Amino acid sequence: MTVQDHDITAATDTANLPQPIQPLLKHATYKAHTTDFIVNELLPLEFTGEGEHLWLHIQKSGMNTAYLAKLLSEWADIPLRDVGFSGLKDRHALTTQWFSLRIPKKQLPDSEFAPVDIGANESITILEQQWHNKKLNRGTHRANQFTITLRDIQFADLEVTASEQDLSAKQSDKSAVEQHLANISTTGVPNYFGPQRFGRSGNNIREALSLFARPVPEARPPSNKGKRKRVPREQNTMELSAARSLIFNEILAARVRDGSWNNGLAGEVFNLDGSGSIFASDEIDDTLRARLESGDIHPTAVLWGTGNEKVSGKAAAMETDIIAHSALLTQLATGLEQRDIKAQRRALRLPIEALSWEWQDTEGGQILILNFTLTTGSFATSVLASLVQELHT
């Protein structure tokens, strides 16, 4: 089997991913304005007030995280590696996040941080600064709080069964949406990777295939200090991450279709909610079912790589079968294995914290404003996809 270019485009179109129920909004627009997508990084931390790391709490818009880190390194006259941040934040949004700068001997620049080489639609505001004895590392923040405004809303014409017609007739479009939001605040939504993981039209997957077509880097010869051979660290993190994410999304999609995404299968590996802890179970008993229903644990799927032995039984068979029946996924899985990328597990279910909403009536139509919090590494678009069939920017 060969992989065609249109196969990649279709596979990475996250709008095609199945949902447990038909989304109640036919169409909506988000990111029409910068303030329509607000992200606040939640980083509970007690600062020491001493040390050589200056932590800056910054609000920005129109600018990506990496570029702001570069501007900060130039202002402080320090290597880029001495600028720390926890997560990447969307350029087309109003975001707040922390950065840390290693300032030897606390010798700050003479001038305040006020870059002049930024565009008309870019803004940077320092909200707070603290001294701390440690650098801010990737993945440190616990969660992100979102405020998302949906405009140009069109409600879906839903197909309902005869038994549902009476109930459906009694509910307004708004109340049906509100009931759905109340439901997912309890049940969660499928934990898909968002479209930004794959690049425009799936270009990150194309780059991954190009990477995997090249020879695997050879192990370095042993040094005088030790006998172990060291394999050079893989630098193509974007491509590797995209490859694993696409495999995960396809497995999750299959689990949504068969209804097992939030229930579990024989041989399942479960994730303890709010932690990185996992455990396997050969069978699903009443105790596990109760923990699943309460949200204490979540089923998982593989982030593909070597050493995927924890999963077994039906859960393992489903993962391998999905990859075996797709030329694209087979190439990606093989490439990851050849580079000795270690397998990990990711929860299939995404819990939503503190979900609330507000309707506004405007001359342009109804607006829905959503507020919610998601754990690090998850995507707000997964929440929106459960609600909106066609989401546009």
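Parameters at a glance
Residues numbered from 1 in each chain as written. Predicted model: local features only at pLDDT ≥ 70, side-chain atom pairs only at ≥ 80, totals over all residues. Heavy atoms only, no water. Helix = DSSP H or I, 4+ residues; strand = E, 2+ residues; numbered from the N terminus. Rg over C-alpha atoms; globule rule 2.2 N^0.38 Å. Buried < 20%, exposed > 50% of the residue type's maximum accessible area, 1.4 Å probe, protein only. Contact = heavy atoms within 4.5 Å. Areas by Shrake-Rupley, 256 points an atom, 1.4 Å probe, with all protein chains shown as cover. Pairing = 2+ DSSP bridges. Axes fitted to C-alpha atoms, helices over the stretch in contact; angles between N-to-C directions. Core = buried A, V, L, I, M, F, W, Y, C linked by side-chain atoms within 4.5 Å. Salt bridge = Lys/Arg side-chain N within 4 Å of Asp/Glu carboxyl O. Phe/Tyr/Trp six-rings, centres within 6.5 Å; stacked < 30°, edge-to-face > 60°. Lys NZ or Arg CZ within 6 Å of the ring centre and 35° of its normal.

Before going further, it helps to examine the overall build of the protein chain. When helices and strands are tallied, the protein chain shows 10 helices and 16 strands. Taking 2.2 N^0.38 as the reference for a compact globule, 393 residues should give roughly 21 Å; the C-alpha atoms of the protein chain span a radius of gyration of 23 Å, in line with that estimate. Principal-axis analysis of the C-alpha atoms places the extent of the protein chain at approximately 75 × 60 × 45 Å. Taking all 393 residues of the protein chain together, 45% fall into the buried category. Taking contacts inside the protein chain between residues at least 6 apart in sequence as the whole, the part at least 24 apart equals 80%. Per element, the accessible surface of the protein chain, about 20700 Å² overall, is 47% carbon and sulfur.

Our next topic: the sheet that holds strand 11 (residues 297-303). Strand pairing in a sheet relies on backbone hydrogen bonds, with the paired strands running either antiparallel or parallel. Overall, antiparallel pairing links the four strands, which are arranged 10-9-11-12 in an open sheet. Both outer strands of the open sheet, strand 10 (278-280) and strand 12 (344-347), are each paired with one neighbouring strand and no more. Going from strand to strand, the sheet's axes swing by 45° on average, the running direction of each strand aside. Both strand 9 (residues 269-272) and strand 11 contribute to a ladder of three bridges, which runs antiparallel. Bridge pairing in strand 11 links Leu272 to Ile297. On top of the sheet, helix 7 (residues 286-294) reaches strand 9, strand 10 and strand 11; it is set at about 90° to strand 11, its chief contact.

Attention shifts here to the nonpolar core. Within soluble globular proteins, side chains that are nonpolar generally end up buried alongside one another. Of all hydrophobic cores here, the largest spans 43 residues; its most connected members are Ile205, Phe212, Ile247, Leu332 and Leu336. Taken together, the elements giving at least two residues each to this core come down to helix 5 (203-212), helix 6 (237-258), strand 11, helix 8 (313-324) and helix 9 (327-338). The element that contributes the greatest number of residues to this core is helix 6, accounting for 11 residues. Not counting the four nearest positions on each side in its chain, Leu332 is found in contact with Ile205, Ala208, Leu209, Phe212, Ala243, Leu246 and Ile247. Counting residues in hydrophobic clusters, the runner-up holds 28 residues, among them Ile184, Ile352, Leu370 and Leu374.

With that out of the way, let us pick up the pattern of salt bridges. Summed over the entire model, instances satisfying the criterion amount to 14 salt bridges. A salt bridge links Arg255 to Glu268; the shortest N-O distance between them is 2.6 Å. Residue Arg255 is located in helix 6, and its partner Glu268 is located in the loop between helix 6 and strand 9; the two are separated by 13 residues in the primary sequence. Accessibility assignment for this pair places Arg255 and Glu268 in one class, buried.

Next up on the list: the packing of aromatic side chains. Per the counting criterion, the structure on display carries 12 aromatic pairs. Each ring, one from Phe193 and one from Phe248, has its centre 5.5 Å from the other, and the planes form 85°; the classification is edge-to-face. One end of the pair, Phe193, is in the loop between strand 8 (189-190) and helix 5; the other, Phe248, is in helix 6, with 55 residues separating them in the sequence. Across the pair, exposure class does not vary: Phe193 and Phe248 are buried alike. Grouped by ring-pair contacts, the aromatic residues Tyr30, Phe37, Phe146 and Phe372 constitute a single cluster. A cation over an aromatic ring shows up here: Lys31 above the ring of Phe37, its NZ or CZ 4.8 Å from the ring centre. Across from the ring centre of Trp131, 4.9 Å away, lies the NZ or CZ of Lys106, which sits over that ring.

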